[in-house]
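Here is how the chains run, residue by residue.
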Amino acid sequence: MSLRVAVQMDPIESINISGDTTFLLMMAAQRRGHTLWVYQPEHLSYEDGKPFARARKVTLREVKGDHVTVGEFEKLDLADDLDVILMRQDPPFDIAYITATYFLETVHPKTLVVNNPTSVRDAPEKLLATRFPGLQPPTLISSDPVALHDFFERHGDCILKPLHGAAGNGIIKLKAGDRNLDALIELFGNMSREPVILQKFIPAVSAGDKRIILIDGEIAGGINRVPEKGAVRSNLRVGGTAVPLVLTNRDREICEILKPVLKEKGLMFVGIDVIGDYLTEINVTSPTGAVQLKAFEGVDAGEILWDRIAETLQNRT
């Protein structure tokens, strides 16, 4: 079954194909004969109750520096001209991101949007993880200095990070008794009105931050991201190193607890972060790690995803 697929993403010309999960997903689609278009969120329009995108048809190649040929811009009716939309632009998860979900939910599920835009909007990545008591380390989300100081005094070493940040940006480790908390609260407050996250520090991060990819709630596999010596951020974009991962019983237990919720919400392609025995994030916007998973284990998350999409569309007819 050949599908008409549009990918809502950041500029395709500038991606690094050696580590880009979106490119891997698109290559899997192209191998199946699916027709691919790309557009950026700013190319969305909404008129008379219908969303449109100014999109370009693309042909992909696994050649660094020459990985894509793009066609001319054309206007796509997202409800009538497409079968599937992959929502894959990177955060920040701001009002522009939220607005795009409002547009896309008007066509889903007639046009299957992966992930379900309503659930993406209603389940911000760091907030969704808090809905599973006992899986997270002690965590506070607040902009109240009194509450933040109280939590810090009770838990000692902590991680402070923005609520809607991504890729390791803005993550700070505070040692017990650190007197900089007030200044940091003020700094974050000057940048945004959003609350911040204060989370008890997990020493196991020195052994790595596990990224486990779940497709329709099922484990596809995972990688471990090891921070540089002395660092607390393990994200690949800020110097972390990807290494193979052997899933523990606790990892599998966490995934089983999440599975029914992810399936119910239509969160078909998800990357969860686990440090030691604790869930820290449920990434639903544009989770990464699939390229490294394929390199380490030979598991192609793109092939698994398109199998699941095909089954979903077939079951719907």
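Residues numbered from 1 in each chain as written. Predicted model: local features only at pLDDT ≥ 70, side-chain atom pairs only at ≥ 80, totals over all residues. Heavy atoms only, no water.

When helices and strands are counted, the protein chain shows 9 helices and 16 strands. Relative to the globule expectation of 20 Å for 317 residues, the C-alpha radius of gyration of the protein chain, 20 Å, shows essentially globular dimensions. With the principal axes as the frame, the protein chain shows a C-alpha extent of 60 × 45 × 40 Å. Evaluated residue by residue, the protein chain yields a buried proportion of 51% over its 317 residues. In the protein chain, the proportion of contacts linking residues at least 24 apart, taken out of those at least 6 apart, comes to 66%. Separation of charge centres in the protein chain, based on 36 positive and 43 negative side chains, amounts to 2 Å. (Helix = DSSP H or I, 4+ residues; strand = E, 2+ residues; numbered from the N terminus. Rg over C-alpha atoms; globule rule 2.2 N^0.38 Å. Buried < 20%, exposed > 50% of the residue type's maximum accessible area, 1.4 Å probe, protein only. Contact = heavy atoms within 4.5 Å. Lys, Arg positive; Asp, Glu negative; His and termini not counted. Charge placed at Lys NZ, Arg CZ, Asp CG, Glu CD.)

Now for the nonpolar core. Ranked by internal contacts, the top residues of the largest apolar core, which has 41 residues, are Tyr39, Leu78, Leu258, Ile272 and Ile282. At the level of elements, strand S2 (35–39), strand S4 (50–60), strand S6 (84–87), helix H2 (95–105), strand S12 (209–215), helix H7 (249–265), strand S15 (269–275) and strand S16 (278–283) are the ones that each hand at least two residues to this core. When residues in this core are grouped by element, the largest group, 5 residues, is from H2. Apart from residues lying up to four places away in sequence, Tyr39 is in contact with Ala6, Val7, Gln8, Met9, Leu44, Ala53, Arg54, Ala55, Leu78, Ile85 and Leu104. Of all hydrophobic cores here, the second largest spans 37 residues; its members include Val7, Ile12, Val114 and Ile213. (Core = buried A, V, L, I, M, F, W, Y, C linked by side-chain atoms within 4.5 Å.)

With that settled, consider the sheet that holds strand S9 (residues 158–162). Here we have 4 strands laid out as an open sheet, ordered S8-S11-S9-S10, and antiparallel in their pairing. For this open sheet the edge positions go to strand S8 (139–142) and strand S10 (172–174), each flanked by a neighbour on one side alone. Direction aside, neighbouring strands of the sheet carry axes that sit 25° apart on average. Here S8 pairs with strand S11 (residues 196–200) via 4 bridges, running antiparallel. By the bridge assignment, Thr139 is partnered in S11 with Gln199. Together, S8, S9, S10 and S11 form the strand contacts of helix H5 (residues 145–155), whose direction differs from that of S11 by roughly 15°. (Pairing = 2+ DSSP bridges. Axes fitted to C-alpha atoms, helices over the stretch in contact; angles between N-to-C directions.)

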